[in-house]
Amino acid sequence: MSEEENISTRERDNELVARAREGDTEAFDALINAYAPKLYGLVYHMTSNHEDTNDLLQDVFAKAYGSLKRFHGKSAFYTWIYSIATNTTLNFLKKRKRRVAMSLDDMDNGIINDEVFTDLSHHANPREGNRVKELQKKLNEALQQLSDDHRAVVTMFDIQGMRHGDIGKILGLSEGTVRSRLYYAHQQLQAHLTEFR
Amino acid sequence: MKSHPQNTPEQDFPEVSRLIALKRYEQPEEGYFENFVDEFHRRQKLAERKKAKAPSFLAKWSQLFEQLRLRYLVYGAGAAYAAIMLALMFVETPQALEQPAMDLTPTEGVDLVDPAPVVEEDLSDGVIVPLQSSQLFDEGGSIEF
């Protein structure tokens, strides 16, 4: 996202937040519609479970709605709601501790057309369907091997395409710490994904 | 692989980054986000209703206090009733309490069960006539052998 887009998004969010604080429910609905898909990705890749993700995401927006009066706009709404989502999910994961239920049928068909996947399929196995499932399983297993904190960083950086600085603001870490967590996490992942490289 | 954490992951582990990025294709079922807002409002209403039904902190304390008082009243009434009943037993039946207890232990050799009628054989005509239990005792009430 460019700097200009960032500014306009921030202005739009601040306006929606101001209206929501005045009791305009449609304004909060607009915020939900804007952020639910992004937050879904964040929470889902940390939990690997759609049902848990749904409940957590509902909790996240309920918490945000209840705390709107405490949001003063010092940071972007985007950073604020991502922090709520990350903390809520990390707390949930601490309680859940490795009750991993990975779904194997929900990877979108878009993966078939991804050039990374096409390369892999071409070189290794012509049976794409099996290859997708195998790859997804391996990816999920590799991610679940990481600690919750490292998985959060990998999810935000590699899957959601966020910047180191933004991740640092959300997690309350320095950019250097985010980078070293990513480095360590990638080392771990590489060991689990050797056959797909 | 020797590298520095300050490098970007693409520089250090390009294949790993590209593989993990494939997970972005994992999406919820179609129509999920259209229903998400409705679900949010439904849960909000439910939470508000629960909040309205739930008693306040002060109300909870007064309710607990009331319950405790009521419980002590019940306990007190029960104890008073038991004390009165005990007192009545001692006042109304002192003689009964002083009487020795009846000895119910069976006497040695005596069967407490009603004995079967003793059969006396009439040798004159060969007819067996059962004796009545009253015939077993003499006028003094002792057993005749």
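Residues numbered from 1 in each chain as written. Chains lettered and ligands numbered in written order. Predicted model: local features only at pLDDT ≥ 70, side-chain atom pairs only at ≥ 80, totals over all residues. Heavy atoms only, no water.

## Some details on the pattern of salt bridges
All names here are of chain A.
Move 1: Going through the model one piece at a time under the given rule, you end up with nine salt bridges over all chains.
Move 2: One salt bridge connects Glu 141 with Lys 137, and the closest N-O pair in it is separated by 3.8 Å. Within this pair, Glu 141 and its partner Lys 137 are both found in helix H7 (residues 128-145), separated by four residues, close to a single helical turn.
Move 3: Judged by relative accessible area, which is 31%, Glu 141 ranks as partly exposed.
Move 4: When its relative accessible area of 42% is taken as the criterion, Lys 137 is described as partly exposed. (Salt bridge = Lys/Arg side-chain N within 4 Å of Asp/Glu carboxyl O. Helix = DSSP H or I, 4+ residues; strand = E, 2+ residues; numbered from the N terminus. Buried < 20%, exposed > 50% of the residue type's maximum accessible area, 1.4 Å probe, protein only.)

## As for the environment of Arg 151 of chain A
Move 1: Mapped onto the elements, Arg 151 of chain A comes out in helix H8 (residues 148-159).
Move 2: Between the C-alpha atoms of Arg 151 of chain A and Ala 185 of chain A, which are 34 residues apart in sequence, the distance is 7.5 Å.

## Some thoughts on the nonpolar core
Move 1: Counting residues in hydrophobic clusters, the biggest one holds 60 residues, and the most contacted among them are Phe 28, Leu 39, Phe 61, Phe 77, Ile 81 and Leu 189 of chain A together with Ile 20 of chain B.
Move 2: Counting residues per element, this core draws most heavily on helix H2 (residues 25-47) of chain A, which supplies 12 residues.
Move 3: Aside from chain neighbours lying at most four places away, what touches Ile 20 of chain B is Leu 139, Leu 143, Val 154, Asp 158, Ile 159, Leu 189 and Leu 193 of chain A. (Core = buried A, V, L, I, M, F, W, Y, C linked by side-chain atoms within 4.5 Å. Contact = heavy atoms within 4.5 Å.)

## So, the confidence of the model for chain A
Move 1: Confidence in the prediction for chain A averages 84 pLDDT; 81% of positions are at 70 or higher.
Move 2: Taken together, the stretch residues 101-105 of chain A has pLDDT below 50 and engages in 16 contacts with residues farther than four places along the chain or on a different chain. (pLDDT = per-residue confidence, 0-100.)

## Let's talk about the packing of aromatic side chains
Move 1: One pass over the structure, following the stated rule, counts 16 aromatic pairs over all chains.
Move 2: Judged by centre distance (5.8 Å) and plane angle (85°), the ring pair of Phe 71 of chain A and Phe 77 of chain A falls under edge-to-face.
Move 3: Residue Phe 77 of chain A is classed as buried on the basis of its relative accessible area of 1%.
Move 4: Among the aromatic side chains, those forming a connected cluster through ring pairs are Phe 28, Tyr 40, Tyr 44, Phe 61 and Tyr 65 of chain A together with Tyr 32, Phe 33, Phe 36 and Phe 40 of chain B. (Phe/Tyr/Trp six-rings, centres within 6.5 Å; stacked < 30°, edge-to-face > 60°.)

## Thoughts on the packing of helix H4 (residues 77-96) of chain A against H8 of chain A
Residue and element names in this part refer to chain A.
Move 1: H8 packs onto H4 with a crossing angle of 145° between their chain directions and a minimal axis gap of 10 Å. When the axes of H4 and H8 are compared, the crossing they make is right-handed. Taken together, the residues of H8 that come into contact with H4 (itself represented by Thr 86, Leu 90, Leu 93 and Lys 94) are Asp 148, Asp 149, Arg 151 and Met 156.
Move 2: Class assignment of the residues belonging to the contact of H4 with H8 gives a composition of three nonpolar, one polar and four charged. (Axes fitted to C-alpha atoms, helices over the stretch in contact; angles between N-to-C directions. Left-handed = near helix turned anticlockwise from the far one by under 90°. Nonpolar A, V, L, I, M, F, W, Y, C, P; charged D, E, K, R; others polar.)

## Some words on helix H3 (residues 32-53) of chain B
For the α-helix, the turn length of 3.6 residues means that residues three or four positions removed from each other point alike.
Move 1: With 22 residues, H3 of chain B should cover 32 Å at 1.5 Å per step; its first-to-last C-alpha distance of 31 Å lies within 8% of that length.
Move 2: Residues of H3 of chain B that are buried include every one of Tyr 32, Phe 36, Val 37, Phe 40 and Gln 44 of chain B, and no others.
Move 3: Turning to H3 of chain B, the residues buried within the fold contact H2 and helix H3 (50-66) of chain A. (Expected span 1.5 Å × (residues − 1).)

## Describing the environment of Gln 58 of chain A
Move 1: By secondary structure assignment, the location of Gln 58 of chain A is in helix H3.
Move 2: Linking Gln 58 of chain A and Ala 85 of chain A, residues 27 residues apart in sequence, is a C-alpha distance of 10.0 Å.
Move 3: Setting aside anything within four residues of it in sequence, one finds Gln 58 of chain A in contact with Phe 36, Glu 39, Phe 40 and Arg 43 of chain B.

## A short note on helix H9 (residues 164-171) of chain A
Residue and element names in this part refer to chain A.
Move 1: All of the buried residues in H9 are His 164, Ile 167, Gly 168 and Ile 170. Projection of H9 onto a plane perpendicular to its axis shows the buried side chains occupying an angular sector of 165°, all on one side.
Move 2: Directly after H9, the chain includes Gly 172, whose backbone phi takes a positive value near 70°. (Arc of directions from axis to C-beta.)

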